[in-house]
Each structure stands twice: as C-alpha cells, then as structure tokens.
Amino acid sequence: MIVNKYLLIVFSFFLFLPPLFSANITYTISNVTKPFPMVKIEMNCPACEIGDYSEFVLKSNFSALRDLEKEVHGLEAFGKNGRKLLVLRGGHRGARTKKDSWSIGKTQKGERLLVSYYLVPTRPNISWPTRKRLVLTKSLLHFLGNSVLLRPIHLDGSCLHSITVKWQGFKESGWQVASSFSSAQDKFTVKRKLDDFLLSSFMAGPLRIVEESVDGHTVCCAIPGTRWKFKDEDLLYCALNILQSARTFFKEKDRQRLFIGLIPIPTKKPMPSGSAGLGLTSSILLYLNPGESLQWLPAKGKELKHVIAHEIMHKWFGGTIKAQSPTGYVIWFLEGFADFYARRLLRNCGEITDKQFIAAINQVMDEYLHSPVRELNNHNLLRNYNRRSDVRRLPYLRGALIAAHLDDEIRSFWKGKKTLDTFMFHLLATSRKHLQRRFSNEDLFKTIGEFTNKEVVKRMRRYIVNGDLLPLPPKNMEGELKYEIEHVYSPPLARLLRIKTAEEGGHGKGKDPRKRLEAFVPLLHLRQ
C-alpha cells in the first residue's frame, strides 16, 4: 500500500511536468540579389502541439539590443500543402502586444510550419553602439542568432533539438560562410539546446577561414578584411595556445570546437579601447579597430591577447560557474575573476613575460585608483551599469583586485597549502556536480568563509557590497613572483582628495596631499 502511494506521487509529478520533446528545426539562410541585395531567412519547425496559435519571438540576452523586430521584413507563414496562415503581431487573444513577437495560426496538431522573412542592408560602417546588431553590407553579413533567428516559444529551450542550418547563394557569389558550430559551406546539423544554439554567431563574406586542431583542441577563425597588423596564423595559434592551456588548467575534458569571428570597427568611430570581445556558445567575437596587433602594450588599453583569454575564461566563469539572477550583483566575480585568471593564464602559457605581467597589474591598480566611481556600492553599480562606461569598467577592476586579495588571504590562512586556485576548483566541482546550481553573493561569501575566517568575509563584503576602497597592493601577490613596491605621487589623486575633503566639510583641507598615502599610486617592479 505504501509502495502504491509513492508510485502515485511520482506519477503525479511527471504528469504535471511541461512536455519535453526533441524537434527537428531547419533554418535556411539565402543570399538574394533581386530586387536588391538582401538575405532571406526561412524556418521550418513543428507547430504548437495543441493545434492553436504558434508564437515566435526575437529575444536577445543583451539588454542593450532593443527593437529587434525592425530587422524583420515581409514575414509570412505557411502550413501543410502551402496553406497560408494568419500572422499577428504580439498576442492573439487580447493579451498585451509584444512588438518583438509574432503569433501564427491557426495550425493543426502535428502540422509543420514554414516561416519566411527578409533582412535588408544596414549602414555600411559598424559603430561601437551598434556592434551587436545585424550587419548586412556589400562586404559582410554578421548577426547573433537570438537577434535575427526567430525562436518558437512553444518548443522547450532547455531540451536538445536537431537543428539544421542551410546556406544558399553565398558560394555562388564568391562568399565564404562560417558560424559558431561549423565552417561547412552548404549545411550542417547540430544537436543543441535551443537557447544555446541561438546564443551564437553567423558570418558570411569574403572571409579567410583558418582552422587547426592540436590534441583535440580545435580553433577556427573567420577573418574579414586585410588591414590587420597580424598574420591569420599568428592569431589562430595564439588562441589555440590559450585555449589548450585553459582547458588543461581547469582539468576540462570537453574538446569542443572554438569559433573566433573578427568584426572590424572603422577608425572614424573608434572603440573606447583598441579591442573588445563577446563570449557566445562555443565561440567568441572580437571587435577590433583596423590596425590592431597582437603585440602586448598594457598602457594602450585592452590588449587583443587579453581579450581572447578573458572571453575563453567565460567558459568557466559564467559557463560552468553560473550566477544567480540578476547576474549584475555577481558581475564583480564573473568579469573580475575572468580578468584575473586571463592575465595569469597568459603568463603561464608564455604569451606574456613576467615583466609584462607586472606592467598589466600596475595598469589595473592605476586605473582603479583613478576611477571616479571606484567607491560605488554594488547596488548603484548595477543600476548605472549601462549608463556610464566607467561604471561598466569598475567590476572588471574591482573583481580582479579582490581575486588578488583573496589569493593572499587564503595563502596566509593556510600557510601556502591552499590558494585561490583551490577555492576556484571547489566552485567548479560544486557546479559540475549540481548542474542547476546558481551562485549568489551570499553563496560566494559563505564559500570564502570556508577557506578563510569571519574577518576576511567581513572585509570582502565591505569591498564588494559597500564599495569600500581596496588597499593596494595586496601583501603577497602571485606567491613565487618577486617584486618591489614603489609609491608614486599622483596629482589627479591629490586633486580628488582636495575635492573629497571639501565635500566632507573641510576636515583635513589644509593638509599637504604629498603627505597623504591616498595621493600615491603603488607601482610594482620585478626584482632582478
């Protein structure tokens, strides 16, 4: 009787679960030259199982991407035997209209849908604010999957589906095609979760595609244009070296292919730094100003090697170790620790020297101390993240320096027997064991407490949540790396101190800034 009772409970649980099934989905991307150059997208997928309206949506993972429905033109839908179906923008039963969704129906149970629409040419030059949007020019087609490819919301996004992508008309125009999943020129099929598939990159144009595999690690680069100060092979082998070293360090058995797509940003509207990246499913995008090189010059801004390493790090920081929503509260960890380990990885795999590594740390400390928002608390950081570039930069700087401090604290507490790496491997093991685990700040503070003590947790909470100024440099950075510390007077910091003391009522206003440690920037020198 008891057994039957438990069987009934289990049966009831599965009875009320949402239906999960694998579907066959086909996206056809066609190059159309008449009446004018444009791209046609056709999607073939099962209709809604209940035989009602099927809803499709464009939903980007990036908050800055809005009004995506403007990319879609002439949308039509057809059912069985070419039967034309009604297309409604937004809800079909008086629900609130969503401008980025379409309802198609009515459909019959088991019917397959063919949805088609067009992408029209965009502005010829790519700018920093529009870099993630559709690019369709005479020399390049590029789009992110979830900003152009319609997503059928009646299909489960977390379930594995058989997805086929067909390219038509590009080879005949002399263009090469590439994507996050394959560089096949006609078609390819992958078995992926729909959400993961749409978080991807698709490119076409007069591309140079270079691909190489070493010990199961495969990197494919799609490179448009010729105005780069590096050879295609140099970029390929640099990325391959970084990827191989990262997967070895994190003991990753996964041997997936990594796709790297280069997107040129014209010099007329340059980026805030020479290069920037975007991590996607099995791929990264590099947004580069023409003339960008692989040479390491920390004073210039974000280095190309560092951007590649940083985006590869997101395979683990954000990929394996996931943050609880809203992720903005944990962005100091996702971006800052990725930055910290990217620099460490570049040094360990020989892409930069010890001297260049020290110079990079100096740059981070200098940028952090001179940031006008350096003491912004975590709540206001999230609120203003998309409004100011200096606020967007803060979690990278603060998080990387917190990683260095935490490394020092763990080394001191365990007398060198454990380090930040031990802490990271613990988080990775937990995430691999519990795939649905999402970490919040409180979860991270609790784990920090397991590796240190309550006083360290209190200090970290002040730095992260309250935005208290971090003392620099940490006492013992990088363990075996020997360096000397010089404190250099900074006039901009002295001016900042005068303004701050004046705002606080003039206390300490008459003090000479040269006698205050806050007006000095620490500078590390590698000990010979």
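Parameters and conventions
Residues numbered from 1 in each chain as written. Predicted model: local features only at pLDDT ≥ 70, side-chain atom pairs only at ≥ 80, totals over all residues. Heavy atoms only, no water. Core = buried A, V, L, I, M, F, W, Y, C linked by side-chain atoms within 4.5 Å. Buried < 20%, exposed > 50% of the residue type's maximum accessible area, 1.4 Å probe, protein only. Contact = heavy atoms within 4.5 Å. Helix = DSSP H or I, 4+ residues; strand = E, 2+ residues; numbered from the N terminus. Polar contact = N/O pair within 3.5 Å; in protein donor to acceptor, adjacent residues only side chain to side chain. Salt bridge = Lys/Arg side-chain N within 4 Å of Asp/Glu carboxyl O. Pairing = 2+ DSSP bridges. Axes fitted to C-alpha atoms, helices over the stretch in contact; angles between N-to-C directions.

Student: Run through the nonpolar core, naming residues and quoting values.
Tutor: Core analysis: the largest hydrophobic core is formed by 93 residues, its most contacted members being Leu235, Leu286, Met313, Phe317, Phe333, Phe337 and Phe423. Residue contacts for methionine 313: discarding those within four places in its chain leaves Ala246, Phe250, Ala338, Tyr341, Ala342 and Leu345. Residues Ile25, Leu113, Leu119 and Val148 belong to the second largest nonpolar core, which totals 63 residues.

Student: Kindly report on the side chain of serine 431, identifying the contributing residues and their values.
Tutor: Here serine 431 is to be found in helix 10 (residues 420-433). Under the relative-accessibility criterion, serine 431 is labelled buried at 3%. A polar contact of 2.9 Å, which involves the side chain of serine 431, links it to the backbone oxygen of leucine 427. If we ignore the near neighbours within four places in the chain, the residues touching serine 431 are Thr320, Ile321 and Phe439.

Student: Can you break down the pattern of salt bridges residue by residue, with the values?
Tutor: With the rule as written, the count across this model stands at 24 salt bridges. Of the charged contacts in the structure, one is a salt bridge between aspartate 186 and lysine 171, with a shortest N-O distance of 3.0 Å. Taken as a pair, aspartate 186 in the loop between strand 12 (176-179) and strand 13 (187-193) and lysine 171 in the loop between strand 11 (160-168) and strand 12 lie far apart in primary sequence, 15 residues in all. According to the relative accessible area criterion, aspartate 186 is partly exposed, its value standing at 44%.

Student: Run through the sheet that holds strand 16 (residues 217-223), naming residues and quoting values.
Tutor: The sheet built from five strands is open, its strands ordered 15-16-17-19-18 with mixed pairing. Two strands in the sheet have a free side with no partner beyond their single neighbour: strand 15 (208-214) and strand 18 (275-280). Taking the axes of each pair of neighbouring strands and ignoring which way they run, one obtains an average angle of 15° across the sheet. With seven bridges connecting them, strand 15 and strand 16 associate as antiparallel partners. Paired with valine 214 across the bridge in strand 16 is histidine 217. Seen against the sheet, helix 4 (residues 232-249) touches strand 15, strand 16, strand 17 (257-264) and strand 19 (283-288) and runs at an angle of roughly 145° to strand 16. Strands in contact with helix 5 (residues 304-313) are strand 17, strand 18 and strand 19; relative to strand 18, the strand with the most contacts, it is inclined by about 15°.

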